[in-house]
Amino acid sequence: MENTKLMDVQSLWGSLNEFLRDILFKDVPRIIIALIVLWIGLKIVKLIVKGLRKLLEKKEVDVSLQSFLLSITDIALKVLIVIAVMGMIGIQTTSFIAALGAAGLAVGMALQGTLQNLAGGVIILLLKPFKVGDYIDSTGVQGTVKHIQIFNTIVETPDKKIVIAPNTDLATKTLINYSRSEIRRVDVKVGIACGESVDGARNTLLELAKSYPLVI
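Everything quoted here is computed from the prediction, not taken from an experiment.

Q: Which parts of the structure should I look at to understand a nonpolar patch on the surface?
A: A cluster of nonpolar side chains, namely Val-186, Val-188, Val-190, Ile-192, Val-198, Leu-205 and Leu-208, defines an oily patch on the protein surface of about 650 Å² accessible area. In this fold, Val-186 is placed in the loop between strand 5 (175-177) and helix 6 (198-211).

As structure tokens, this is what we get:
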């Protein structure tokens, strides 16, 4: 009986030694290397984001778009580094990536309209079909652009109404920018009573136009 107990103790001790050897000689070095890679990777991501910020500032990209692009780049690079480190430790990342993709697909379908507005905002801020202060007309919205946001554009109408227009409409549908050209022709319809002199009315209108400094 004592011999049996002694053999059990020896077997347990042997298993424990083997487990500790696996941890000390296999797992611990691998974990240390993974942590070093993680630390170096995060430092590199920080440098990349810093360099991208300087590039966007040099190109005079809109501040809202800068913030969006920098955030997306930072998050995407950090996710890639974490996945790589998990693989180094021995964690199976295939199912994790599949779950992440499925979650992204579900979120994308749930926020389809919002993501379209987001894409529209990026297009507007990159291509700049209009800027703050321009007078635009699109999809029934006409007024002066006050703010260009990631999802919406704030427009003030001539009668001081504030219109929040979705960016997807402004980016994908016909848009008139009245402020893009330095000069613009304005048509004014004037009615003349029967019996009045057309030439006299015309001369009066021309004199009025000539007296206004902004009229060419």
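Q: Explanation requested: the nonpolar core in the structure shown.
A: Generally speaking, soluble globular proteins have nonpolar side chains that are buried together. Phe-130 and Ile-148 are the most contacted members of the largest nonpolar core, which totals 22 residues. For this core, the secondary-structure elements that each account for two or more residues are helix 1 (2-58), helix 2 (63-89), helix 4 (112-127) and strand 2 (141-148).

Q: What exactly am I supposed to notice about the sheet that holds strand 3 (residues 152-156) here?
A: In a beta sheet, neighbouring strands are held together by backbone hydrogen bonds and run either parallel or antiparallel to one another. The strand order across the open sheet formed by 5 strands is 4-3-2-1-5, and the pairing between neighbours is antiparallel. Every interior strand has two partners, whereas the edge strands, strand 4 (162-166) and strand 5, have only one. Across the sheet, the mean angle from the axis of one strand to that of its neighbour is 40°, orientation sign disregarded. Sheet topology places strand 1 (residues 135-138) next to strand 5; 3 bridges connect them, and they run antiparallel. Paired with Asp-137 across the strands is Ile-176, a residue of strand 5.

Q: What should I look at first to understand the pattern of salt bridges in this one?
A: Oppositely charged side chains are able to pair whenever their charged atoms sit close together. Using the criterion set out here, one finds 7 salt bridges in the structure. Ionic pairing is found between Lys-131 and Asp-134, a salt bridge with its closest N-O pair at 3.4 Å. Between Lys-161 and Asp-159 there is a salt bridge, and its shortest N-O distance comes to 3.7 Å. A residue is classified by how much of its surface remains accessible, and Asp-159, at 48% relative accessible area, is partly exposed. Three or more residues are tied together by salt bridges with common partners; here these are Lys-146, Glu-156 and Lys-160.

Conventions used here
- Residues numbered from 1 in each chain as written.
- Predicted model: local features only at pLDDT ≥ 70, side-chain atom pairs only at ≥ 80, totals over all residues.
- Heavy atoms only, no water.
- Patch = residues over 30% accessible without salt bridge, like charges linked within 9 Å, V, L, I, M, F, W, Y side chains within 5 Å.
- Areas by Shrake-Rupley, 256 points an atom, 1.4 Å probe, with all protein chains shown as cover.
- Salt bridge = Lys/Arg side-chain N within 4 Å of Asp/Glu carboxyl O.
- Helix = DSSP H or I, 4+ residues; strand = E, 2+ residues; numbered from the N terminus.
- Core = buried A, V, L, I, M, F, W, Y, C linked by side-chain atoms within 4.5 Å.
- Buried < 20%, exposed > 50% of the residue type's maximum accessible area, 1.4 Å probe, protein only.
- Pairing = 2+ DSSP bridges.
- Axes fitted to C-alpha atoms, helices over the stretch in contact; angles between N-to-C directions.

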